[in-house]
Amino acid sequence: MTEMISPDLFASVPDPDGRFGPYGGKFVAETLMSALAELEVVYRGLSCDPDFQKEFDSDLAHYVGRPSPLYEASRMSDAIGGARIFLKREDLNHTGAHKVNNTIGQALLAKHMGKKRIIAETGAGQHGVASATVAARLGLECHVFMGAEDIKRQSLNVYRMKLLGAEVIPVTSGSKTLKDAMNEALRDWVTYVDNTFYIIGTVAGPHPYPMLVRDFQSVIGREARRQSLAMTGKLPDALVACVGGGSNAIGLFHPFLGDEKVAMYGVEAGGHGVETGQHAAPLSAGTPGVLHGNRTYLMQDQNGQIMETHSVSAGLDYPGVGPEHSWLKDIGRVNYVAANDDEALTAFHHWTRTEGIMPALETAHALAYAEKLAADMTPDQHIIVNLSGRGDKDILTVAAIEGIEV
Amino acid sequence: MSRLTPCFETLRDSGRKAVIPYIVAGDPTVASTVPMLHRLVAAGANVLELGVPFSDPMSEGPVIQRGHERALANHVSLTQVLDMVAEFRQGDQVTPIVIMGYANPVERMGYADFAAACAAAGVDGLITVDLPPEEVGPLNVELQKVAIDNIFLISPTTPAQRVGTITANASGFIYYVAVKGVTGAGHLDSSDVGMHLDVIRAETTLPICVGFGIKDAESATAVGAMADGVVVGSALIDTMTVAMESGDSLHDGIEKAVTLLGSIRTGIDNM
Ligand SMILES: Cc1ncc(COP(=O)(O)O)c(C=O)c1O
């Protein structure tokens, strides 16, 4: 099926209405429509302004530490005995995850728009930390909305955000996780829309967010493409990334979408198992609907109520997914699969012990799948896995699961 | 034609304003909703707004959010909300009912099925908070087939040049959101409201009702003087829940909300 797709197709989305095929759009309350229109105008202007690009690239180089290395995980590859596995080391970015690529970009937009107050939603706390970090650097007021449940399981990141000067606002409505944090951030934005910039942490939300977050994160794939050619003389045979909202995945995938020989796998959170219903895998087991400003695959019941999700990793515990992924699923360009809690935890230990790299639990889902995938491939082939973040934030969670007191 | 246009014409002819209560269907109980709607009509409501509970009510403040949560705990679905409208219609064929909610339950039911079910139940209008004109085309086609009005929100942040785009898609009435923020929040500035209503009136002859931030007879009359109607939601739900939390029975809690609506009716009629 993918053979039929012209590479130009991928550059043509989203259309001017923010649609990726039937997905995306701007499903928000009227109060936010003019703010979104303003953001789009500013972004479209700045994204082709060489000075803005230079500013962004310079921040990525000197503040974030890009380019991030592409590292060949030889010991793991040998142990598996299939394809060579390379890791795109987003964990080595300042603040420890890919999230900062996007917050740097959006903070620059906020600066250009003269907004003095930024808000963000966060699940694992990585996006909250990355937002608090750029706010500290630019001297902006920062409020981070976080589900009360996530505040418990990501306490280290909560304290980090506070040290950075951000206010962390616990969200106690609904399931008390990422989706509810996003509801509350949207409510705040409606109220303080004049002076506030909302830094959305993933490729979800209303247009233009899925587009601009993708563009900021695509630096991952552009670098990986160059690095793959330099290190192996060819493009990778497959790409693997975990999918919460989908920002690290789209960041890696996007610059390769037109390369039809590069297979792609987005790994969702299978939780206790997709068949149990207790998971966070809308692309694997959901249906299209409208949430948080866009049409996309969702976990919902037969009445259109959004269902509670479950994942061991807070950053994947979200019932929706970026609209571009919904489209890429439907056209068959990307394969979406799931890894369960247990598989992710096993991978977390396996990679930590084999490569000396402790991945975030989100990332561990991608690694779990990559192990299986590599085993079915040959040593002349290679895979790039997006190592989206480091696992320090998850140490207490892992210890608690294993009944260890730290 | 739905019941809305004749309703507003009658009001206009007699120099009266519409008083529009909002409650969440199934809050606090499934059985209380239809009787409460009848009581609100008896207290002077001209149009009824019935909230469709949703798991993620992004534009609601805490008071109405809790209402949605209580209704969902009672397992109230969109189908059941429409059943309530049908039940209400058995005792009242006159008072227009507008259902207000979020896009996803409607998406899930499917636009054509939804429009047909609304018509069968006796719904007159629809407000979908997260379906701006840009996204409403396919739904509007279905609603127009069954003559159900689609009511749009216009807010203080709506640029003047956008008002025409909204009114072009709207029928029934225009809902002006008086404050930037969620339901039940904020402080209403009536001079600012007046200015915006002038901008809207330059684009449409549809009646304009104002909501968000109306709490009592005083705020209702301040706005009622300029608009064709007022919407009161959070204040009613808050009155009811506060009463019940401090020991009132369900019946007494509802009656306190009904009394508040009555005082708003009296205030507006005597302004
Ligand atoms: C390290 C890491 N990877 C992945 C994710 C999931 O987000 P996304 O799917 O947008 O990359 C998160 C979210 O918190 C994260 O912290």
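Residue positions are given per chain, counted from 1 along the sequence in the order it is written. By the order in which they are written, chains take letters starting at A while ligands take numbers starting at 1. Per-residue local features are limited, in this predicted model, to residues with pLDDT of at least 70; the limit for side-chain atom pairs, both in listing and counting, is 80 or more; totals at the level of whole chains, interfaces and linings are taken over all residues. Only hydrogens and water are set aside when side-chain values are computed; all heavy atoms of the structure are taken into account.

Peer 1: Describe the site of the ligand, listing the residues and the values that go with them.
Peer 2: Residue and element names in this part refer to chain A. Only a single heavy atom is needed: when it lies within 4 Å of a molecule or strand, its residue is near that molecule or strand. Taken together, 19 residues form the shell around the ligand, and within it T202, G244, G246, S247 and S388 come nearest. As used in this structure description, the phrase polar contact means that two N or O atoms lie within 3.5 Å; if the pair is within protein, one of them must be able to donate a hydrogen and the other to accept it, and residues adjacent in sequence are counted only when both atoms belong to side chains. Between the ligand and G245 there is a distance of 3.2 Å, counted from an oxygen atom to a backbone nitrogen or oxygen. Residue S247 places a side-chain N or O atom 2.7 Å away from an oxygen atom belonging to the ligand. When the free accessible area of the ligand is taken as 390 Å², the share hidden by the protein chains comes to 97%. The pocket and cavity definitions rest on a 1 Å grid over protein atoms only: a 1.4 Å probe that fits but cannot leave marks a cavity, an open set with protein on both sides within 12 Å along at least five of seven lines marks a pocket, and residues lining either have an atom within 4 Å of a point. More than half of a molecule's atoms lying within 2 Å of a cavity's or pocket's grid points is what places that molecule inside it. When each cavity is represented as a set of grid points, the ligand is found to reside in the largest cavity. Computed by Shrake-Rupley with a 1.4 Å probe, the accessible areas treat only the displayed protein chains as cover when residues are assessed.

Peer 1: Describe the interface of chain A and chain B, listing the residues and the values that go with them.
Peer 2: By definition, residues are in contact when any of their heavy atoms lie within 4.5 Å. Contacts between the two partners involve 36 residues from chain A, matched on the other side by 38 residues from chain B. Two parts placed together each lose some accessible area; with a 1.4 Å probe, that loss summed over both constitutes the buried area. Buried surface at the junction of chain A and chain B, summed over both partners, amounts to about 2,800 Å²; 47% is from carbon and sulfur atoms. For the chain A face of the interface with chain B, the top three residues by lost area are E30(A), R187(A) and Q305(A), together amounting to 24%. When a carboxyl oxygen of Asp or Glu lies within 4 Å of a side-chain nitrogen of Lys or Arg, that pair is called a salt bridge. At the boundary of chain A and chain B, one finds five salt bridges. Of the charged contacts in the structure, one is a salt bridge between K179(A) and D56(B), with a shortest N-O distance of 2.8 Å. Taken together, chain A and chain B are joined by 21 residue pairs in polar contact (both at pLDDT 80 or more). Put simply, DSSP H or I for four residues or longer makes a helix, DSSP E for two residues or longer makes a strand, and each gets a number counted from the N terminus. Counting only elements with at least two residues in the side of chain A that touches chain B, the list comes to β2 (23-27), α2 (30-47), α9 (178-191), β11 (287-291) and β12 (293-298) of chain A. Per-element accounting of the side of chain A that touches chain B gives the leading share, eight residues, to α9(A). Partitioning the side of chain A that touches chain B into residue classes produces eleven nonpolar, 15 polar and ten charged. Residues were grouped as follows: Ala, Val, Leu, Ile, Met, Phe, Trp, Tyr, Cys and Pro as nonpolar; Asp, Glu, Lys and Arg as charged; and all remaining residues, including Gly, as polar.

Peer 1: Got a sec to walk through the domain arrangement of chain A? Specific residues and values, please.
Peer 2: Residue and element names in this part refer to chain A. For each domain, the first and last residues come from an automatic or database assignment. You can read the domains of chain A as domain 1 (22-59 + 99-213) and domain 2 (66-96 + 218-401). Its C-alpha centre places domain 1 at a distance of 22 Å from the equivalent point of domain 2. With 39 residues of domain 1 at the contact, the number on the domain 2 side is 43 residues. Contact with domain 2 buries area across many residues of domain 1, yet Y23, F27 and R153 alone supply 23% of it, more than any other trio. At the boundary of domain 1 with domain 2, the tally comes to one salt bridge. Close ionic contact of D317 with R153 constitutes a salt bridge, the shortest N to O distance being 2.7 Å. In this assembly, domain 1 and domain 2 are joined by 17 residue pairs in polar contact (both at pLDDT 80 or more). Residue assignment for the side of domain 1 that touches domain 2 shows that the elements contributing at least two residues are β2, α5 (99-112), α6 (126-138), α7 (148-153), α8 (155-163), α9 and α10 (209-217). Its residues assigned to classes, the side of domain 1 that touches domain 2 shows 17 nonpolar, 16 polar and six charged.

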